[in-house]
Every structure is written in structure tokens, then in C-alpha cells.
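Okay, here's what each chain looks like letter by letter:
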Amino acid sequence: MIIQWMDLGIFAFQSVKMNDMITPLSRDGGFVHNFNAGPSILPKTVLEEASKAILNFNNSGLSILELGHRTPLFQAVMDEARALVRELMQLDQDHEVLFLHGGASTQFMQVPMNLLDEKETAAYADTGVWSSKAIREARLFGKVEVVCNSAATGYTTIPKDFAVPNDAKYFHFTTNNTIYGSQWQKIPKTSNPLVADMSSDIFSRVLDFNAFDLIFAGAQKNMGPAGVNLVVVNSNILGKVKRSIPTIMDYRNHIREGSMLNTPPVFAVYVCLLTLKWLKEQGGIPAIEKLNNEKAALLYSAIDASSLFKGTIVPEDRSKMNACFVMKNPALEASFLQFTKERGIVGIKGHRLVGGFRASMYNALPISSVAYLTKLMKEFESRIP
Ligand SMILES: *Cc1c(COP(=O)(O)O)cnc(C)c1O
């Protein structure tokens, strides 16, 4: 078995027969290319620093897992994480930054609980699984008008022409549809407060974040480990519903307590902080967006150039985070999956609703991993008689 550097700057086994391949496991060897949809890849330096903090956090002699959340040690973590979100997103003073328990699914409930009264209407865009789930939860609190949806195209498009009623309390949409692999390229303009589930493309591209009144994102796609939500909320939209909101569900209480109303998910917040610092070191959102554009262009052009593969989403609405594609001959899918698996590709099996493949290219995924996947696509194609 000979190991040699390839032009892409990654290792690959050059062996005679496919069956001789061993499954690459070692991240240190660079053999695993993590395309998982979520929880997903984190920068290696973040994992290293987080590991150290588990044993000894900032030379305190304590593990990050053993710290009191009210200690100055952790207060500094929370303060810095919130400040970095503010800085990276260039938020104005009306926007508050919270790290809250629960996944994005908790926000499907918490948003309408805080913003929508029983007799009022909220407008929702239905562009896939996660928006449908958000719609279902909102109906528990008030009326929902689905103002546009992609159901007619099998969720392969993003709606373009639609109107939001003036009296809708807010307009909710999912900026990136993690499962179907579509993404809003333009942020819709409405006079209503704008609410966005950005779980799978937060911090991936430059947006006018102040144009949103509420942004939420589960951390585990592009920001950190599972177990914490980022919520960015314009405080001016709060305090307008008549219902009594349970203490822990009321955003205002979290704002007042500096995102420390109760014990926050300490470790998850810490790892988010490390990832945000890493992002800043990369040059912030503009720099990562450039890289994300390059990664997506590389993969989609390989898909389009191939005689075996085809994308599932109309080109103009394709997600730069989650690329979904299938094989023109579905009978080959299992062997392509096996082929890539044996060569160190992890996590490209498509969601069961879409089938085929989904390659998630979150911020931490190096472009060399995308180049490597496209190389395997070509290699597989060359083996088909
Ligand atoms: C993953 C995901 C969710 C659900 O997140 P949980 O943390 O599992 O609740 C919601 N919305 C989008 C867009 C997602 O990608």
C-alpha cells in the first residue's frame, strides 16, 4: 500500500484493487471527509481546544464541564460569545443575542407563543419539512396563513411571487431547506416583522441581519454542537401578546438576565464561542461566504458535467450548504455510496424523503473535501462501462 500526496493536498490510498481498500477512519490522517447534515463538521482547532477545556479550562484546574455558570470564568464565555455574534452579524442596538436551550424545534413553539395571539394571523412560507413543522406548531397559538409553498414542485423550488397580508403579525420562512437542499437567494421584502429559521445557513453568507426581527438557529449545523439555539431578536417586537407566557419561554426574561435566566448549556455555548472565534479568524462572514460559493460551484458544476448524476433542485434555488443530487440510474446509487464510503467520505446518503445523496458543505468543511468528492465522482464514472 503506497500513500502519496495528491494535487488536492489530501491523502488518498493508491491501491490496486478496490477491495483492498481499508475504510479510512483517522481524522488526523485526513482520511475522513465529513459531509454530515447535522450534527456536522466543526473546525479541527475548535475540537482540539474544546478537548483541552474538558480537562483544564483556561488553567483554572477545572473542567469546563465542572464550572459554575455564575462564575466569572463562564460569564466571560457567555459575554464574549454574545458579543462576537453581534460583531460578526453587525447587529444594531435593538437586536438582542440569546443562547437558549432546546433545538430549533423549540423555537417553532416559542416564536408564536411570544408573537402571535389566538385571534391573530401569522404568515408562513412552506418550503419543506422544517417549515411545515414550524407551521404545525404556530397553529397551536393562532391562525396561520401559508402565503406560498413549494409543494407543487415537490419542494424543488423557492417561491418567487407572493404577497403577505398587511395584518399578519410576522412572516416566517426557512432560509435554507436542509433536507431538500433549496435556499432563498434573496431575502423577501415585506413590511411585516421578518422571522427566519436559519439553522442550516447561519453565518454562511452576508445578509442584512438587522432587517430580520427574529432569527433562530439550532447550533449543530453551522455553529457548534447540539443542545443550544442562537436567537437574535429585535426587542421592539416583544411584549405585545395578551397570553401569559411561561417564564422560561418569554424572550424578555432571557434578555433581562443576559441569557442566564437559568443554567445555560455551558459546554455547547463554549464550543459555539470557539467556532465564532475561528470564523472571525477566517475573515468573518464575507470571507467564509466566498469560500462557500467556491465549494458549491465546484460540486454543482461536477454534478452538471456528469453523465451519471443530476441535481434535484432548480439551479437558481440550489443551496450552497446542502447539495442534493441523485443518479440518473438509481440502480447505481448503492455502489456509488459504497465506493465513496471506502474512500473516506462520510454522511452523503440523502435524506429518506429525497433519496440519492446530500453533501452538506458547512463553513468548517474544507474545499479540499469537496474537490476530493468531485474527483471520486469522476473516477466512479470512468469505471462504468
Ligand atoms: C435541523 C433543523 C431544524 C431542527 O433542529 P433541532 O435542533 O433538531 O430541533 C430546524 N430547522 C432547520 C432548517 C434545520 O436544519
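Residues numbered from 1 in each chain as written. Predicted model: local features only at pLDDT ≥ 70, side-chain atom pairs only at ≥ 80, totals over all residues. Heavy atoms only, no water.

Trainee: When you look at the pairing of strand S6 (residues 143-149) in this model, what are you seeing that I'm missing?
Mentor: As a general feature of sheets, a regular strand has side chains that alternate between the two faces. Where strand S5 (residues 121-126) and S6 come together, six bridges link them in parallel fashion. Bridge pairing in S6 places Ala 122 opposite Val 144. Traced from S5 through helix H4 (residues 129-138) to S6, the parallel crossover comes out right-handed. (Pairing = 2+ DSSP bridges. Helix = DSSP H or I, 4+ residues; strand = E, 2+ residues; numbered from the N terminus. Right-handed = clockwise from strand over helix to strand, strands pointing away.)

Trainee: Mind showing me how you'd approach the site of the ligand here?
Mentor: The full set close to the ligand counts 13 residues, and Ser 105, Thr 178, Asp 197, Gln 220 and Lys 221 are the nearest of them. At a separation of 2.5 Å, an oxygen atom of the ligand approaches a polar side-chain atom of Ser 105. Here an oxygen atom of the ligand sits 2.9 Å away from a polar atom, N or O, in the side chain of Gln 220. Contact with the protein chains covers 87% of the free accessible surface of the ligand, which is 390 Å². When grouped by side-chain class, the residues that make up the shell around the ligand number three nonpolar, eight polar and two charged. (Near = heavy atom within 4 Å. Polar contact = N/O pair within 3.5 Å; in protein donor to acceptor, adjacent residues only side chain to side chain. Areas by Shrake-Rupley, 256 points an atom, 1.4 Å probe, with all protein chains shown as cover. Nonpolar A, V, L, I, M, F, W, Y, C, P; charged D, E, K, R; others polar.)

Trainee: Where do I start with helix H6 (residues 266-281) in this structure?
Mentor: A turn of α-helix holds 3.6 residues, and therefore any two residues three or four places apart point the same way. Look at H6: 23 Å from first C-alpha to last across 16 residues, which is about the 22 Å you get at 1.5 Å a residue. By the criterion of burial, H6 is predominantly enclosed, with twelve of the 16 residues buried. All of the buried residues in H6 are Val 266, Ala 268, Val 269, Tyr 270, Val 271, Cys 272, Leu 273, Leu 274, Thr 275, Leu 276, Trp 278 and Leu 279. At its buried positions, H6 is contacted by helix H1 (44-55), helix H2 (72-89), strand S4 (95-101), strand S12 (228-234) and helix H7 (284-305). Positive backbone phi, at 110°, marks Gly 283, one or two positions downstream of H6. (Expected span 1.5 Å × (residues − 1). Buried < 20%, exposed > 50% of the residue type's maximum accessible area, 1.4 Å probe, protein only. Contact = heavy atoms within 4.5 Å.)

Trainee: Whenever I open this one, a nonpolar patch on the surface confuses me. Can you help?
Mentor: The grouping of Ile 54, Leu 55 and Leu 65 at the surface amounts to a nonpolar patch, some 320 Å² of accessible area in total. Along the chain, Leu 65 falls in the loop between H1 and H2. (Patch = residues over 30% accessible without salt bridge, like charges linked within 9 Å, V, L, I, M, F, W, Y side chains within 5 Å. Salt bridge = Lys/Arg side-chain N within 4 Å of Asp/Glu carboxyl O.)

Trainee: I'm lost on the nonpolar core in this one. Help?
Mentor: As a rule of thumb, soluble globular proteins bury nonpolar side chains together. With 57 residues, the main nonpolar core has Val 85, Phe 99, Phe 203 and Leu 230 as its most contacted residues. Of all the elements, H6 adds the most residues to this core, at eleven residues. A domain split of this core shows at least three residues from each of domain 1 (4-44 + 284-383) and domain 2 (47-281). Excluding anything up to four places from it in sequence, Phe 203 contacts Val 85, Leu 88, Met 89, Asn 222, Met 223, Leu 230, Leu 276, Leu 279, Ile 285, Ile 288 and Asn 363. Judged by nonpolar contacts, the second largest core, of 28 residues, contains Ala 296, Tyr 300, Met 361 and Phe 380. (Core = buried A, V, L, I, M, F, W, Y, C linked by side-chain atoms within 4.5 Å. Domains from an automatic or database assignment.)

Trainee: Sorry if this is basic, but what is going on with the sheet that holds strand S13 (residues 309-311) here?
Mentor: Paired through their backbone hydrogen bonds, the strands of a sheet run either parallel or antiparallel. Ordered in space as S13-S14-S16, the three strands form an open sheet in which the pairing is antiparallel. Of all the strands in the sheet, just S13 and strand S16 (357-360) have a single pairing partner and so form its edges. The sheet shows a mean angle of 35° between the axes of neighbouring strands, direction not considered. Direction of pairing for strand S14 (residues 322-327) relative to S16: antiparallel, over a ladder of four bridges. By the bridge assignment, Asn 322 is partnered in S16 with Ser 360. Strand contacts of H7: S13, S14 and S16, with the helix running at about 15° to S14, the strand carrying the most contacts. (Axes fitted to C-alpha atoms, helices over the stretch in contact; angles between N-to-C directions.)

Trainee: Just to check I follow, could you spell out the environment of Gly 68 for this structure?
Mentor: In this structure, Gly 68 sits in the loop between H1 and H2. Sequence separation of Gly 68 and Thr 263 is 195 residues, and the distance between their C-alpha atoms is 8.8 Å.

Trainee: Is there a simple way to explain the confidence of the model for the protein chain in this structure?
Mentor: Low pLDDT marks regions whose predicted coordinates should not be analysed in detail. Overall, the prediction assigns the protein chain a mean pLDDT of 92, with 92% of residues at 70 or greater. Low pLDDT, under 50, characterises residues 1-26; the stretch is placed with 53 contacts to residues that sit more than four places away or in other chains. (pLDDT = per-residue confidence, 0-100.)

Trainee: Help me understand unusual backbone geometry in this model?
Mentor: Trans is the common state for peptide bonds, and a negative phi is the common state for residues other than glycine. Along the chain, Gly 38 connects to Pro 39 via a cis peptide bond; the corresponding omega equals -10°. Turning to its location among the elements, Pro 39 is positioned in the loop between strand S3 (33-34) and H1. Here Asn 59, not a glycine, exhibits a phi torsion of approximately 55°, which is positive. Here Asn 59 lies in the loop between H1 and H2. A positive phi angle, close to 60°, is found at Tyr 155, a residue other than glycine. Tracing the chain through its elements places Tyr 155 in the loop between S6 and strand S7 (171-174). Take Tyr 155: its relative accessible area is 15%, and that puts it in the buried class.

Trainee: Explain the environment of Ile 187 to me, please; I cannot follow it from the model alone.
Mentor: By the secondary structure assignment, Ile 187 is in the loop between strand S9 (182-183) and strand S10 (194-197). Non-local contacts of Ile 187, meaning those with residues more than four positions away in its chain, are made with Phe 173, Leu 194, Arg 205, Leu 207 and Phe 212.

Trainee: Sorry, what's going on with the sheet that holds S5 here?
Mentor: Taking strand neighbours across the sheet as the criterion, the seven strands line up as S4-S12-S11-S10-S7-S5-S6 in an open arrangement whose pairing is mixed. Edge positions in the sheet fall to S4 and S6, since each of these pairs with one other strand and no more. If you compare each strand with its neighbour and ignore which way they point, the axes differ by 20° on average. Contacting S5, S6, S7 and S10, H4 runs over the sheet at an angle of about 160° to S5.

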